[in-house]
Structure formats: C-alpha cells, structure tokens
Number of protein chains: 2
Amino acid sequence: MQRLKGFLDSHKVSTEKADLLCYGFDASKIKAAPAAVAWPEDTTDVVRLSKFAYEQEIPLIPRGAGTSTTGSSVPTKGGIVLSLERMNQILEIDGDNLFVMVEPGVINGALQRELGLKGLFYPPDPASLEFCTIGGNVAVNAGGPRAIKYGVTGNYVRYLEAVLPDGRVIEAGVRTKKGVVGYDLKSLLVGSEGTLATITKIGLSVLPEPETVLTLIASYRSLRSATETVTTIIANRIIPRTLEFLDRATIEALEAYQPSGLKGSESVLIIELDGPVKTVERDSERVVQICQSKGASLEVADDSLSQQSIWATRRAISPALFHISPTKINEDIVVPVTAVPDMVEFLQRLSEQEGIPIASFGHAGDGNLHVNIMVNQEDRELYEKGRSLVREIFREALRLGGSLSGEHGVGLTKADYIDMEIHNNEMDLMRGIKRLFDHRMILNPGKVFP
Amino acid sequence: MQRLKGFLDSHKVSTEKADLLCYGFDASKIKAAPAAVAWPEDTTDVVRLSKFAYEQEIPLIPRGAGTSTTGSSVPTKGGIVLSLERMNQILEIDGDNLFVMVEPGVINGALQRELGLKGLFYPPDPASLEFCTIGGNVAVNAGGPRAIKYGVTGNYVRYLEAVLPDGRVIEAGVRTKKGVVGYDLKSLLVGSEGTLATITKIGLSVLPEPETVLTLIASYRSLRSATETVTTIIANRIIPRTLEFLDRATIEALEAYQPSGLKGSESVLIIELDGPVKTVERDSERVVQICQSKGASLEVADDSLSQQSIWATRRAISPALFHISPTKINEDIVVPVTAVPDMVEFLQRLSEQEGIPIASFGHAGDGNLHVNIMVNQEDRELYEKGRSLVREIFREALRLGGSLSGEHGVGLTKADYIDMEIHNNEMDLMRGIKRLFDHRMILNPGKVFP
C-alpha cells in the first residue's frame, strides 16, 4: 500500500489501524479489514485508484455511508475501501427541467432539504436518510416508505457517470426525461451493488413538492384488521404515499426503547397522503372510514411537527430492535400486496412454532416487509436456529409470488440464497455481465454472487 | 426453409411470396425479403423457432405490428420473421395488486380499453396505439404524449419472460412493485429492439384510472409564444399529462389532409390535465391564464367526445405528413424542456436556409420532438440534401443536452449516428452484452449497432 500513497495525495489515503477498523464494517455488523482506505475527491481520483487496483489486481470496494444491512460494503476480500464521502456536492439544481446532478456522497436527507427550499421533491426516503448517500441508494436501488406511490431510486435516475474497474470512464443515460439510444447501461448499474463500476456522478429526476401532506397513525387490536386495511385502501384505488405496518413484536420493542403511546396495540399502520389540499381532504375521509370500519384507534397529524414525531417513531424501529438484538437477522422480503396478510400470519406462526421472536414491519403498501429474527450471536445455538428460518421465510415469499429483497439487495448475507430466486440461465447472464465489466473480478468481490 | 416447416405446424409458418412481402417492411418504409415468416402461438413455439435458427445460424427477427419508424423489424439480412401477433392474450388483470400479465402481441389500445372497464389505467400511449403491440412497445421503450407525467413503457415493466437466441427461456424482474435481487436484466431487455432475446410474456404495473381529464387546444400567432407556454407551465410546477406541440408546417399539412379549424395558426399546443376533479379545475384555470398571457386562442374540451376529436387531429399528423412526403425523414430527438424554444427555432432557421420544409411536432413537455424533413426519394438530390441535415439536427440536440431518440430507438436508420451519442467505452460494453446474449449474432442482426 506504500505505492498507493505515492499514487494519491496523502490526505486522500490511509492505512491507519483506526481507519481500517472504521471502514471495515457496515450496518450488517459483518467485519473485515481492508488494506487501505481512500477518499477520492473527484472522478480523476477514482480513475487513478481504479487503475492502481486494476494493475495490482487488488480488490476495490466502493462505499457510501456504510448503511447497508447486507454487508455490501464490507471488504471481505481485503483491498482498498473507496469511500465516496468527500464527493458530496450538489452540482446542479435545474428546477425548470426537474433535474438535479449530484456527486455520489451527497446525503439523501441533505438533498431533500435543499430541494425543499426550491419547492422540489425527491421521493426516495430510506429509513437511514439522514446518513445514507445517494450513491449508495443508487447502488442498491433503495426504496423507502414512499415507494408505494413514487417508486424507488431507479425510477429517478436519468444519468450516471461511472468508472470501470480498469479506470475507463463511462456515461450512461441522458439528462432528459426520455432517451432510448442503445442498451440501458444506467439501469444495469442501478442495483449492481458496486460490483460493475464506481458511480461518480448522478443525474436525477425530481418532482414539484406536493401541496400538502397528512399523516395518520392507526392502531389495531388484531393483526388481520391492519393488514386488511392495507388491501382495502388499495382496492379502493387510493394510493397513499406511505402505508407502513408494524406488528406487535415491533411495537413492544419500540415502547421499551422510546414510549410513544402505542402500548397494547396488536398492530399499527402509518398512513400518509399527499397532493392537492382538496384531494387529500377527501381521500383522508375515506381512509379514516376504512380504518374505523376495521376497528382502528386513530390519530391524525396535519402539521409538520406532529408528522415529524410520528416519523421519529417509525425511524426508531431499527435502533429499538438493534437495542434488543444487536445481531438480529434482518431480511426485506416482498410479496404482492394482497398476500401481506398471509405472509405476516405465516411469520407469526413460524415465530410461535420455533420459539424465536420475529418482529415484522415495513412498507405494507408495496408488499415489502422487514422481517427481523430476534436472535443474538452470543447464543450460538439459537442464532443458528434463527438463521435456518431465513430459507423458510424466503420460500414462503417466493411461493406467494414475491422476492427475496425489495430494497436491501443481495450483498453478502443473501448471496447464498440468490439461486432460490434467480435460476441458472439468468445467473449465467449476470455472471457474464460481471466478467464483461470487471474481467479481473476486483470490484467489490464476493458480493451478489454465491 | 423446408426443414422449418417440419419443425412447426404448417399453419404457423409460410414461405409464400405475399407473406414475405407483407412482413418485409415496417413504418420506416425500408423493405427486405425474409426467407420465411413464422407465427408462434406460445413460448414453446418461440423456443423451437429459436433453436432452429440457432442451429442453422439463420437470422431471426422478432416483430410486433411493424410500426417501427426506424426499421427495427425489417429483415435486412434475410432469415425468419418471428411475428408475435398470435400471442395476443391478456393473461391476467390483478387490480388489487395493480398488475397485469400479457402476451407480447396484445395491442396497446386493446389493453387500455380492457383496463378502463375495470377502472384501471396503463399510461404509455404511442400515436400508433390502435396498431402497435405491447411487445413492440417494450422492445423500443415506447413513450407517447402522456410520458411527461407518467413516464415511458419501461417505467411500467415489472416482469419479462423471454427466449434467448439459443432457445433457453429466461425470466427477468418480479411480479411485485419492488425487487432488487441480482442485475436488472429486465431493463436491459427493455429498449433492446429485439436484439437480445424474444420477449414472450410481459408483466406490467397499472394505475387507478384518473378521475377526470380535461383537454385544451391553444393556437398561437407566433412560434415562441407556444414554446414559452410550455416552459412556463412546467416552471409553475404544473405537470399536465400531455403537452403536445405542433409547428406551422405541421398545422398546414394537417389542414390540407383533414381540416380542423387550425388554419393560419403559427403553432398549436394540446394540453391535457388529469386527476381529481377539483385539482384539474384549479390547474386548468392557471393553465388558461398562462396560455392567454401568451396570446393564445383557446378551446376547452371537457367531454370525452370533443376530447376524442382533438386527439384524432393529433393522431392524423403522421398520416398527413406521409400524404405529402411518403418517404419523409422522421427523427425523434429530445432536448431539455427549457431548450425546446431554441431547438424549434434552430429547425425553422435550418429549413429556411436549406430550402427544405421541416415539420416539427411532438411531446414538448418532455422535450421530445418529432422532426420531419419533408423530402421524397423520387427527387434524389433533394433527398440526399435532406439526409445530410439529420447529422446537423442531432448535433444541435446533443449540444443542447439532449439525445438522438426519445422513443423510436435506433433500429437501422439511426445506427450510423449512434456514435455521436454513445462513445467507445459504452459501445464496447453494449457490444459485449450483445455477444453475451447472442454469440452467434442471429437475433435481429444489423440493428442498433453500426
């Protein structure tokens, strides 16, 4: 790594033990030590780093803020962690063309606030939005609560600049809303988890800010009442901007961590409507009726402060669960919306049957559930038993017409299961694409593929 | 081709001269003779055909309804035209999950009507919607007037089943709204113009039907007043569902073909708003104000019959222009919305300077303009001069931050220009992807790549 130091300015690279430690893990809690950490400050730096890694055949691991729950930024094969945190400029906000250009290290929440000042809106909002980067969001095609109405990160990506593992720079996509010239390399990079190229510039579509937002929190005395509310709202052709679900285990963890008056509920929905004032008024009346017909206790938040308090509760779920089980197993399956009741009941049965707590919550409106198997690595036997449930949960999600992951990606933790969903013919093509972009197999090795 | 007849039932294949003629051209007017035409009736037939073509190393040209304006379905290298017109079933409409599954030969307009009966809505609406197929729409990532608000075909594709050139079947994407497992093969197939695989099944997202639709037609005494109306509406954060533009040459061609009271206008906009009644009322007031402040004469259509009449006018543009110039040169550049005024003025200057009529119309709201160089092949010299303008027009579109194509794709007619937009590094990757899917290079050869 001494040669690397000659390759980049010294303040852009480190082999200090503290740095190797800090950049050796992510939210998956999986740890590994890289040989060096580099902080490129522009595309040229990324090109230099890539050429160095390519020539030396050293792994190169692009990293946003390390909020991945699947270990997609952990340097399990050593090499250089390429942290994009210093490439954090919003380069351009072009409101008239509803377009922004950013560097990959821009924090999602910071972009949202900056756009808000100009009456603009970037919908994708992962729970980690105050930490996670747009580059990381693109790398895993991140979603968030608002995906039910507004789609996921990939729906907003118009343009990418990226550096191939051998140092060549590519551009994919266009600045305009439409563009169909050649194969869609941009969508191939979205969700590729840093295994094909290092993204260095991102052009995004943005929207006009919705006129008004109304948030409802509904608590239920039975599980099925909540899940049926979800399917009934959609069947009534109302698309809220969020339709979040919390099960009893999640509510109990939350109440223990940060009491918010939900104690005793069997399940909770957080429903948010946005749009023109009159429409939100009318739709919210209908939603309130549906919730009440299912026996919900309701609280309506129509000002920003009380809305923020509801979302603070929602965003406290992850920390609350980690507080109980620091090494909990966290999956993010998707099923068709109409299958959410069956899936949630399956999880509760499995939990009772196996004697292992399972906390489920998430984006019920698009069928994307965060399933948390509440085990700790200290209890090795129980932990292994917990791990063995993952395959059963995936099998049920697939049986119901779903997928192994709605927004976390594959990373390390799902690589052993990917063949449950992706079969040989498709896997051969994916491996071929990987070799095409990265024939020395140095970019984020060990991820996605088993 | 005798062997092919033994391979598929005789009613599924023909080498009759009339069939070879009918399936040897598309809307580009480019003609070539295939050796045979086949009409598979299910995926198994497509597999058999693909295996036959693969073993014999014969070109195989997937074809929807032949509405491509770029020649993407013309069998320029001979081989077998694989017409998907008999695979035209809507397999499933799942309103509660806002999902439909169709065969590739389903006509766009037929799907729209069927969904309308159930209160559902599939936005992409190419002008050829009464003829073109969903499979063809996916193959070129087709747009249409509503793309400004609702996006293009690719935004709705959740799942694809496709047959690789060697006969292997692949599935890409998921039935659910979210899904991020492995590389996005689905988006790679979207817009690949039948050069990577033959699409045999398509899963699409649909939306609840908008409550109401209001259509305005605004005619102007100057060009700039219309293009400024477009940018002003967007700058006011109103996103109509269509914002169509017609220039004087287009209006004159229309009036000659099918008079509709627009005579004497320098430019026309067709603006359509949809959504909840109150919102449409309010936004339309604002839009009317903006149009009037730019000096427009306005007609408002709030019932289905008068709306249909406006759209009949819009959809008569292509036939009207073909009537004047059966071999006109038709491009579909995109520029940023704010650059539409400059682009349109550039085209008018170019037309005057070169003495060649150029008619421009299209989706001004997303910057996608249909540029028609009105020359005929009979006048060889003028035709060649007309062709020489294409490069200049593309150069200007790119200079303004745009693209060579917003919805038609590359096909044959733009293949010689693709390197103006896609450079060597990206082209190398695209060629690599082509070889990966189709190493014998038999699927729709000669398209996309120069």
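Fair warning: this is a prediction, and the values are worked out from it, not measured in the lab.

## Overview of the nonpolar core
Piece 1. Met 343, Ile 393 and Phe 437 of chain A together with Met 343, Ile 393 and Phe 437 of chain B are the most contacted members of the largest nonpolar core, which totals 183 residues.
Piece 2. With residues near it in sequence (within four places) discarded, Ile 393 of chain A still touches Ile 333, Met 343, Phe 346, Leu 347, Leu 350, Val 371 and Ile 373 of chain A.

## A closer look at the sheet that holds strand 1 (residues 13-14) of chain B
Residues and elements named next belong to chain B.
Piece 1. Strand order in this open sheet of four strands is 1-2-4-3, and the pairing throughout is mixed. Each edge of the open sheet carries a strand with a single partner, namely strand 1 and strand 3 (60-63).
Piece 2. Across two bridges, the pairing between strand 1 and strand 2 (residues 36-38) is antiparallel. Bridge assignment links Val 13 to a residue of strand 2, and that residue is Ala 38.

## Considerations on the confidence of the model for chain A
Piece 1. Across chain A, the average pLDDT comes to 95, with 100% of residues at 70 or higher.
Piece 2. Confidence estimates for the predicted assembly give a pTM of 0.96 and an ipTM of 0.96.

## As for the interface of chain B and chain A
Piece 1. Contacts between the two partners involve 81 residues from chain B, matched on the other side by 81 residues from chain A.
Piece 2. Both sides together, the interface formed by chain B and chain A hides about 6400 Å², and carbon and sulfur atoms give 64% of it.
Piece 3. If you look at where chain B meets chain A, you find eight salt bridges.
Piece 4. Our enumeration of links across chain B and chain A arrives at 26 residue pairs in polar contact (both at pLDDT 80 or more).
Piece 5. Elements with a minimum of two residues in the side of chain B that touches chain A: helix 6 (147-150), strand 9 (169-173), helix 7 (185-189), helix 8 (223-235), helix 10 (277-293), helix 15 (418-421) and helix 16 (424-437) of chain B.
Piece 6. It is helix 16 of chain B that provides the largest number of residues to the side of chain B that touches chain A, a total of 10 residues.
Piece 7. Of the residues belonging to the side of chain B that touches chain A, the class tally is 36 nonpolar, 27 polar and 18 charged.

## A word on the relation of the copies chain B and chain A
Piece 1. Mapping chain B onto chain A calls for a rotation angle of 180 degrees and an axial translation of 0.0 Å; the resulting RMSD is 0.0 Å. What the superposition gives is, in effect, a two-fold axis relating one chain to the other. For chain B, the smallest separation between a C-alpha atom and the rotation axis is recorded for Ser 187 of chain B, amounting to 3.1 Å.
Piece 2. An overlap of 100% is found between the interface residues of chain B and their copies at the interface of chain A, pointing to a shared contact surface.

## Remarks on the environment of Gly 144 of chain B
Piece 1. Examined against the element boundaries, Gly 144 of chain B turns out to sit in the loop between helix 5 (134-140) and helix 6.
Piece 2. Once the C-alpha coordinates of Gly 144 of chain B and Val 106 of chain B are considered, the two residues, 38 residues apart in sequence, prove to be 17 Å apart.
Piece 3. Non-local contacts of Gly 144 of chain B, meaning those with residues more than four positions away in its chain, are made with Lys 178 of chain A together with Asp 125, Pro 126, His 363 and Glu 407 of chain B.

Parameters at a glance
- Residues numbered from 1 in each chain as written.
- Chains lettered and ligands numbered in written order.
- Predicted model: local features only at pLDDT ≥ 70, side-chain atom pairs only at ≥ 80, totals over all residues.
- Heavy atoms only, no water.
- Core = buried A, V, L, I, M, F, W, Y, C linked by side-chain atoms within 4.5 Å.
- Buried < 20%, exposed > 50% of the residue type's maximum accessible area, 1.4 Å probe, protein only.
- Contact = heavy atoms within 4.5 Å.
- Pairing = 2+ DSSP bridges.
- Helix = DSSP H or I, 4+ residues; strand = E, 2+ residues; numbered from the N terminus.
- pLDDT = per-residue confidence, 0-100.
- Buried area = accessible area lost by both parts, 1.4 Å probe.
- Salt bridge = Lys/Arg side-chain N within 4 Å of Asp/Glu carboxyl O.
- Polar contact = N/O pair within 3.5 Å; in protein donor to acceptor, adjacent residues only side chain to side chain.
- Nonpolar A, V, L, I, M, F, W, Y, C, P; charged D, E, K, R; others polar.
- Least-squares fit on C-alpha atoms with pLDDT ≥ 70 in both.

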